[in-house]
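Structural description and commentary
If you want the building blocks of each chain, they are given just below.
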Amino acid sequence: MNLKKNINKFYIVALFALTALPSHGQDLLARQAPIDRKMKAVDTLALKSIIEREKVQSPAADLYNDWDNRYAHHKTEMPDSFKIDLRHFCMPTPSRVVTSNFGSRWGRPHKGLDIKVYIGDSIRAAFSGKVRIVRYEAAGYGKYIVIRHSNGLETIYGHLSDQLVSENQTVRAGEVIGLGGNTGRSTGSHLHFETRLCGVALNPALLFDFRNQDVTGDYFVYNSSTYDRESADATRTRGKIGNGGYTRDLVQDGELGRYNGHIQENSAEILYHKVKAGETIQSISKKRGVSIDKICQLNHLSSKSHVRPGQILRYS
(Lines give C-alpha, C1' and ligand atoms only; values in the text may rest on other atoms or scores of the structure.)
Protein backbone atom coordinates (compact mmCIF):
# COMPACT_ATOMS: atom_id res chain seq x y z
CA MET A 1 0.00 0.00 0.00
CA ASN A 2 2.85 2.40 0.93
CA LEU A 3 4.52 1.60 -2.43
CA LYS A 4 1.35 2.56 -4.29
CA LYS A 5 1.10 5.86 -2.39
CA ASN A 6 4.74 6.65 -3.16
CA ILE A 7 4.23 5.96 -6.88
CA ASN A 8 1.17 8.25 -6.94
CA LYS A 9 3.15 11.01 -5.19
CA PHE A 10 5.92 10.62 -7.78
CA TYR A 11 3.50 11.08 -10.68
CA ILE A 12 1.96 14.20 -9.07
CA VAL A 13 5.41 15.76 -8.48
CA ALA A 14 6.48 14.93 -12.03
CA LEU A 15 3.32 16.51 -13.43
CA PHE A 16 3.91 19.74 -11.49
CA ALA A 17 7.52 19.77 -12.63
CA LEU A 18 6.52 19.51 -16.29
CA THR A 19 3.89 22.24 -16.06
CA ALA A 20 6.39 24.44 -14.23
CA LEU A 21 8.99 24.16 -16.97
CA PRO A 22 9.95 27.52 -18.45
CA SER A 23 8.93 28.13 -22.03
CA HIS A 24 12.44 27.53 -23.35
CA GLY A 25 12.46 24.12 -21.63
CA GLN A 26 9.20 23.17 -23.31
CA ASP A 27 10.62 24.33 -26.64
CA LEU A 28 13.61 22.08 -26.04
CA LEU A 29 11.31 19.09 -25.52
CA ALA A 30 9.43 19.95 -28.70
CA ARG A 31 12.66 20.14 -30.70
CA GLN A 32 13.86 16.88 -29.20
CA ALA A 33 10.77 14.92 -30.37
CA PRO A 34 11.63 14.81 -34.12
CA ILE A 35 15.23 13.96 -33.23
CA ASP A 36 13.98 11.02 -31.20
CA ARG A 37 11.86 9.87 -34.15
CA LYS A 38 14.86 10.13 -36.49
CA MET A 39 17.02 8.14 -34.08
CA LYS A 40 14.31 5.50 -33.88
CA ALA A 41 14.29 5.30 -37.69
CA VAL A 42 18.08 4.96 -37.76
CA ASP A 43 17.88 2.19 -35.15
CA THR A 44 15.27 0.41 -37.30
CA LEU A 45 17.50 0.61 -40.39
CA ALA A 46 20.47 -0.65 -38.38
CA LEU A 47 18.39 -3.57 -37.12
CA LYS A 48 17.27 -4.42 -40.65
CA SER A 49 20.90 -4.34 -41.79
CA ILE A 50 21.90 -6.70 -38.98
CA ILE A 51 19.06 -9.08 -39.87
CA GLU A 52 20.09 -9.09 -43.54
CA ARG A 53 23.70 -9.86 -42.62
CA GLU A 54 22.57 -12.68 -40.37
CA LYS A 55 20.49 -14.13 -43.20
CA VAL A 56 23.62 -14.33 -45.35
CA GLN A 57 25.72 -15.73 -42.50
CA SER A 58 23.08 -18.30 -41.50
CA PRO A 59 20.83 -18.69 -44.53
CA ALA A 60 17.47 -20.46 -44.56
CA ALA A 61 17.52 -20.81 -40.79
CA ASP A 62 13.74 -21.22 -40.65
CA LEU A 63 13.81 -24.15 -43.09
CA TYR A 64 16.78 -26.18 -41.83
CA ASN A 65 17.36 -27.35 -38.30
CA ASP A 66 21.13 -27.60 -38.45
CA TRP A 67 24.32 -26.80 -40.32
CA ASP A 68 26.07 -30.03 -41.21
CA ASN A 69 29.15 -30.35 -43.43
CA ARG A 70 28.93 -34.17 -43.66
CA TYR A 71 25.98 -34.86 -45.96
CA ALA A 72 25.46 -33.42 -49.43
CA HIS A 73 21.68 -33.83 -49.29
CA HIS A 74 20.38 -34.88 -45.89
CA LYS A 75 16.55 -34.77 -46.06
CA THR A 76 14.57 -32.70 -43.59
CA GLU A 77 10.84 -32.05 -43.30
CA MET A 78 9.54 -30.82 -46.66
CA PRO A 79 6.76 -28.20 -46.76
CA ASP A 80 3.73 -28.88 -48.97
CA SER A 81 4.18 -25.45 -50.51
CA PHE A 82 7.10 -23.03 -50.53
CA LYS A 83 7.78 -19.77 -52.40
CA ILE A 84 11.35 -19.51 -53.72
CA ASP A 85 12.77 -16.09 -54.53
CA LEU A 86 14.73 -16.28 -57.81
CA ARG A 87 15.68 -12.61 -58.01
CA HIS A 88 19.31 -11.50 -57.66
CA PHE A 89 20.51 -14.65 -59.40
CA CYS A 90 23.41 -15.47 -61.66
CA MET A 91 23.52 -18.27 -64.19
CA PRO A 92 26.15 -20.79 -62.98
CA THR A 93 27.65 -20.89 -66.47
CA PRO A 94 27.05 -19.01 -69.74
CA SER A 95 26.56 -22.37 -71.47
CA ARG A 96 23.21 -22.79 -73.23
CA VAL A 97 23.66 -26.54 -73.78
CA VAL A 98 21.81 -29.12 -71.68
CA THR A 99 23.32 -32.57 -72.29
CA SER A 100 21.25 -34.61 -69.82
CA ASN A 101 17.86 -33.97 -68.23
CA PHE A 102 16.60 -34.33 -64.67
CA GLY A 103 14.81 -37.63 -64.04
CA SER A 104 15.32 -41.30 -64.80
CA ARG A 105 18.49 -42.08 -66.73
CA TRP A 106 20.03 -45.47 -67.45
CA GLY A 107 17.66 -47.07 -64.95
CA ARG A 108 18.58 -44.78 -62.07
CA PRO A 109 17.46 -41.29 -60.97
CA HIS A 110 19.45 -38.32 -62.26
CA LYS A 111 18.96 -35.59 -59.65
CA GLY A 112 20.13 -32.58 -61.66
CA LEU A 113 20.84 -31.13 -65.09
CA ASP A 114 24.09 -31.74 -66.95
CA ILE A 115 25.32 -28.57 -68.66
CA LYS A 116 28.14 -28.70 -71.18
CA VAL A 117 31.23 -26.80 -70.06
CA TYR A 118 34.91 -27.16 -70.89
CA ILE A 119 37.65 -27.92 -68.38
CA GLY A 120 38.69 -24.65 -66.76
CA ASP A 121 35.47 -22.73 -67.52
CA SER A 122 34.32 -20.46 -64.69
CA ILE A 123 31.45 -21.79 -62.55
CA ARG A 124 29.57 -19.17 -60.52
CA ALA A 125 27.32 -19.18 -57.46
CA ALA A 126 23.69 -19.09 -58.59
CA PHE A 127 22.61 -17.03 -55.55
CA SER A 128 24.28 -15.44 -52.55
CA GLY A 129 24.72 -17.84 -49.66
CA LYS A 130 27.09 -19.87 -47.54
CA VAL A 131 29.24 -22.79 -48.67
CA ARG A 132 28.26 -25.91 -46.74
CA ILE A 133 30.38 -28.61 -48.42
CA VAL A 134 33.58 -28.68 -50.49
CA ARG A 135 34.56 -32.28 -51.11
CA TYR A 136 35.69 -34.99 -53.54
CA GLU A 137 33.63 -38.10 -54.32
CA ALA A 138 35.41 -40.47 -56.70
CA ALA A 139 32.36 -42.61 -57.56
CA GLY A 140 29.91 -39.74 -57.92
CA TYR A 141 30.14 -35.94 -57.96
CA GLY A 142 33.93 -35.83 -58.24
CA LYS A 143 35.04 -32.45 -56.92
CA TYR A 144 31.84 -30.74 -55.84
CA ILE A 145 30.44 -27.79 -53.88
CA VAL A 146 27.18 -27.37 -51.96
CA ILE A 147 25.88 -23.86 -51.17
CA ARG A 148 22.91 -23.03 -48.95
CA HIS A 149 20.99 -19.90 -49.93
CA SER A 150 18.70 -17.61 -47.97
CA ASN A 151 15.83 -18.29 -50.43
CA GLY A 152 15.65 -21.85 -49.03
CA LEU A 153 17.46 -23.62 -51.85
CA GLU A 154 20.71 -25.50 -51.80
CA THR A 155 22.66 -25.76 -55.06
CA ILE A 156 25.20 -28.45 -55.93
CA TYR A 157 27.98 -28.07 -58.51
CA GLY A 158 29.61 -31.35 -59.53
CA HIS A 159 32.50 -32.76 -61.60
CA LEU A 160 34.65 -29.63 -61.12
CA SER A 161 38.34 -29.57 -61.97
CA ASP A 162 39.03 -27.11 -59.15
CA GLN A 163 37.18 -25.75 -56.09
CA LEU A 164 37.91 -22.08 -55.35
CA VAL A 165 35.96 -21.69 -52.09
CA SER A 166 36.06 -23.32 -48.67
CA GLU A 167 33.43 -24.66 -46.29
CA ASN A 168 31.54 -22.05 -44.24
CA GLN A 169 32.62 -19.29 -46.62
CA THR A 170 30.06 -16.62 -47.56
CA VAL A 171 29.71 -16.07 -51.31
CA ARG A 172 27.76 -13.66 -53.49
CA ALA A 173 25.69 -14.40 -56.57
CA GLY A 174 28.01 -14.40 -59.58
CA GLU A 175 31.16 -15.12 -57.61
CA VAL A 176 33.41 -17.71 -59.25
CA ILE A 177 33.38 -20.75 -56.97
CA GLY A 178 35.04 -23.41 -59.16
CA LEU A 179 36.20 -24.47 -62.61
CA GLY A 180 34.49 -26.84 -65.01
CA GLY A 181 35.90 -30.35 -65.15
CA ASN A 182 35.48 -34.07 -65.67
CA THR A 183 36.12 -35.51 -62.21
CA GLY A 184 34.27 -38.36 -60.50
CA ARG A 185 31.69 -40.50 -62.33
CA SER A 186 31.68 -38.49 -65.54
CA THR A 187 31.89 -39.32 -69.24
CA GLY A 188 33.06 -35.90 -70.40
CA SER A 189 33.60 -32.37 -69.15
CA HIS A 190 30.33 -30.87 -67.90
CA LEU A 191 28.68 -29.24 -64.91
CA HIS A 192 26.26 -31.37 -62.92
CA PHE A 193 23.91 -28.80 -61.38
CA GLU A 194 21.33 -29.59 -58.70
CA THR A 195 18.71 -27.49 -56.90
CA ARG A 196 17.45 -28.94 -53.63
CA LEU A 197 14.84 -27.91 -51.08
CA CYS A 198 15.16 -29.52 -47.63
CA GLY A 199 17.51 -32.05 -49.20
CA VAL A 200 14.97 -33.07 -51.86
CA ALA A 201 16.09 -32.62 -55.48
CA LEU A 202 13.91 -30.30 -57.57
CA ASN A 203 14.19 -30.17 -61.35
CA PRO A 204 16.51 -27.20 -62.05
CA ALA A 205 14.57 -26.59 -65.29
CA LEU A 206 11.68 -25.38 -63.12
CA LEU A 207 13.88 -22.51 -61.99
CA PHE A 208 16.57 -21.99 -64.63
CA ASP A 209 16.36 -21.65 -68.41
CA PHE A 210 19.91 -22.35 -69.55
CA ARG A 211 19.01 -22.04 -73.22
CA ASN A 212 17.92 -18.43 -72.70
CA GLN A 213 20.30 -17.76 -69.80
CA ASP A 214 17.53 -16.66 -67.48
CA VAL A 215 15.39 -17.74 -64.58
CA THR A 216 11.77 -18.73 -65.15
CA GLY A 217 10.39 -15.80 -63.12
CA ASP A 218 10.99 -13.66 -60.07
CA TYR A 219 9.58 -16.47 -57.93
CA PHE A 220 8.83 -20.17 -58.19
CA VAL A 221 6.21 -21.67 -55.91
CA TYR A 222 6.87 -25.31 -55.11
CA ASN A 223 3.64 -27.24 -54.60
CA SER A 224 3.75 -30.94 -53.81
CA SER A 225 0.45 -31.61 -55.58
CA THR A 226 1.50 -30.06 -58.91
CA TYR A 227 5.26 -30.65 -58.86
CA ASP A 228 5.41 -33.81 -61.04
CA ARG A 229 3.35 -32.27 -63.85
CA GLU A 230 5.27 -28.99 -63.72
CA SER A 231 8.60 -30.82 -63.72
CA ALA A 232 7.66 -32.81 -66.84
CA ASP A 233 6.54 -29.61 -68.58
CA ALA A 234 9.81 -27.89 -67.63
CA THR A 235 11.87 -30.72 -69.10
CA ARG A 236 9.94 -30.58 -72.38
CA THR A 237 10.30 -26.80 -72.54
CA ARG A 238 13.81 -26.22 -71.22
CA GLY A 239 15.57 -29.60 -71.35
CA LYS A 240 17.92 -31.31 -73.78
CA ILE A 241 17.28 -30.77 -77.49
CA GLY A 242 17.75 -33.62 -79.98
CA ASN A 243 20.97 -35.58 -79.54
CA GLY A 244 22.58 -32.85 -77.48
CA GLY A 245 24.82 -31.47 -80.24
CA TYR A 246 26.53 -28.14 -79.59
CA THR A 247 29.12 -25.66 -80.78
CA ARG A 248 31.71 -23.80 -78.73
CA ASP A 249 29.85 -20.49 -79.01
CA LEU A 250 26.72 -22.11 -77.49
CA VAL A 251 28.83 -23.23 -74.56
CA GLN A 252 30.89 -20.11 -73.89
CA ASP A 253 29.10 -17.07 -75.34
CA GLY A 254 25.90 -16.82 -73.31
CA GLU A 255 24.97 -13.91 -71.04
CA LEU A 256 25.70 -14.12 -67.31
CA GLY A 257 22.15 -13.29 -66.22
CA ARG A 258 19.40 -10.68 -66.39
CA TYR A 259 20.41 -8.63 -63.39
CA ASN A 260 18.98 -5.37 -64.77
CA GLY A 261 15.78 -4.34 -63.04
CA HIS A 262 16.41 -6.56 -60.02
CA ILE A 263 19.53 -5.16 -58.38
CA GLN A 264 19.44 -1.81 -56.61
CA GLU A 265 22.30 0.60 -57.19
CA ASN A 266 23.48 0.28 -53.59
CA SER A 267 23.22 -3.51 -53.53
CA ALA A 268 26.11 -5.58 -52.19
CA GLU A 269 25.76 -8.07 -55.07
CA ILE A 270 28.91 -8.68 -57.15
CA LEU A 271 27.92 -8.13 -60.79
CA TYR A 272 29.75 -8.92 -64.01
CA HIS A 273 29.59 -7.94 -67.66
CA LYS A 274 30.78 -10.11 -70.54
CA VAL A 275 32.41 -7.94 -73.19
CA LYS A 276 30.97 -8.20 -76.69
CA ALA A 277 32.66 -7.29 -79.99
CA GLY A 278 32.90 -3.51 -80.44
CA GLU A 279 32.31 -2.66 -76.78
CA THR A 280 34.57 -0.29 -74.86
CA ILE A 281 34.85 0.64 -71.20
CA GLN A 282 32.94 3.81 -72.07
CA SER A 283 30.04 1.97 -73.74
CA ILE A 284 29.88 -0.60 -70.93
CA SER A 285 29.80 2.22 -68.38
CA LYS A 286 26.83 3.77 -70.16
CA LYS A 287 25.02 0.43 -70.57
CA ARG A 288 25.42 -0.63 -66.94
CA GLY A 289 24.84 2.82 -65.45
CA VAL A 290 28.10 2.94 -63.49
CA SER A 291 31.03 5.30 -63.78
CA ILE A 292 34.12 4.58 -65.90
CA ASP A 293 36.26 5.14 -62.80
CA LYS A 294 34.36 2.46 -60.88
CA ILE A 295 34.77 -0.14 -63.66
CA CYS A 296 38.47 0.67 -63.92
CA GLN A 297 38.95 0.50 -60.14
CA LEU A 298 37.16 -2.86 -59.79
CA ASN A 299 39.14 -4.42 -62.66
CA HIS A 300 42.53 -2.71 -62.17
CA LEU A 301 42.31 -0.96 -65.54
CA SER A 302 42.90 2.55 -66.82
CA SER A 303 40.33 4.55 -68.79
CA LYS A 304 42.53 4.02 -71.89
CA SER A 305 42.64 0.23 -71.51
CA HIS A 306 41.31 -1.88 -74.38
CA VAL A 307 38.88 -4.71 -73.58
CA ARG A 308 38.48 -7.82 -75.70
CA PRO A 309 35.36 -9.84 -76.63
CA GLY A 310 34.66 -12.52 -74.05
CA GLN A 311 36.48 -10.68 -71.24
CA ILE A 312 34.61 -10.64 -67.92
CA LEU A 313 34.47 -7.26 -66.17
CA ARG A 314 33.13 -6.66 -62.70
CA TYR A 315 30.96 -3.53 -62.48
CA SER A 316 29.57 -3.73 -58.93
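Here we summarise the structure given alongside this text. This is a predicted model, so every value here is computed, not measured.

1. Considerations on the overall build of the protein chain
Each helix and strand counted, the protein chain has 6 helices and 19 strands in total. A total of 316 residues make up the protein chain; the buried ones form 42% of that total. Taking as baseline every contact in the protein chain between residues at least 6 positions apart, the subset at least 24 positions apart corresponds to 68%. As displayed, the protein chain has an accessible area near 17,500 Å², and 53% of this comes from carbon and sulfur atoms.

2. What about the sheet that holds strand β12 (residues 176-179)?
What the 3 strands build is an open sheet, ordered β6-β12-β10; its pairing is antiparallel. Sheet topology places β6 (122-124) and β10 (162-163) at the edges, where each strand pairs with a single neighbour. In this sheet, β12 lies alongside β10 in antiparallel orientation, the contact comprising 2 bridges. Residue Q163 lies in a different strand from β12, and its bridge partner there is G178.

3. With respect to the packing of helix α5 (residues 281-288) against helix α6 (residues 292-299)
At a closest axis distance of 9 Å, the pairing of α5 and α6 adopts a crossing angle of 110 degrees. Here α6 runs roughly perpendicular to α5, going by the angle between their axes. Both α5 and α6 take part in a crossing whose hand is right-handed. Listed contacts from α6 to I281, Q282, I284 and S285 of α5 are I292, I295 and C296. Among the residues making up the contact of α5 with α6, the classes are represented as 5 nonpolar, 2 polar and no charged.

Conventions and cut-offs
- Residues numbered from 1 in each chain as written.
- Predicted model: local features only at pLDDT ≥ 70, side-chain atom pairs only at ≥ 80, totals over all residues.
- Heavy atoms only, no water.
- Helix = DSSP H or I, 4+ residues; strand = E, 2+ residues; numbered from the N terminus.
- Buried < 20%, exposed > 50% of the residue type's maximum accessible area, 1.4 Å probe, protein only.
- Contact = heavy atoms within 4.5 Å.
- Areas by Shrake-Rupley, 256 points an atom, 1.4 Å probe, with all protein chains shown as cover.
- Pairing = 2+ DSSP bridges.
- Axes fitted to C-alpha atoms, helices over the stretch in contact; angles between N-to-C directions.
- Parallel < 35°, antiparallel > 145°, perpendicular 65-115°, else oblique.
- Left-handed = near helix turned anticlockwise from the far one by under 90°.
- Nonpolar A, V, L, I, M, F, W, Y, C, P; charged D, E, K, R; others polar.

Any functional reading would require information that these geometric values do not contain.
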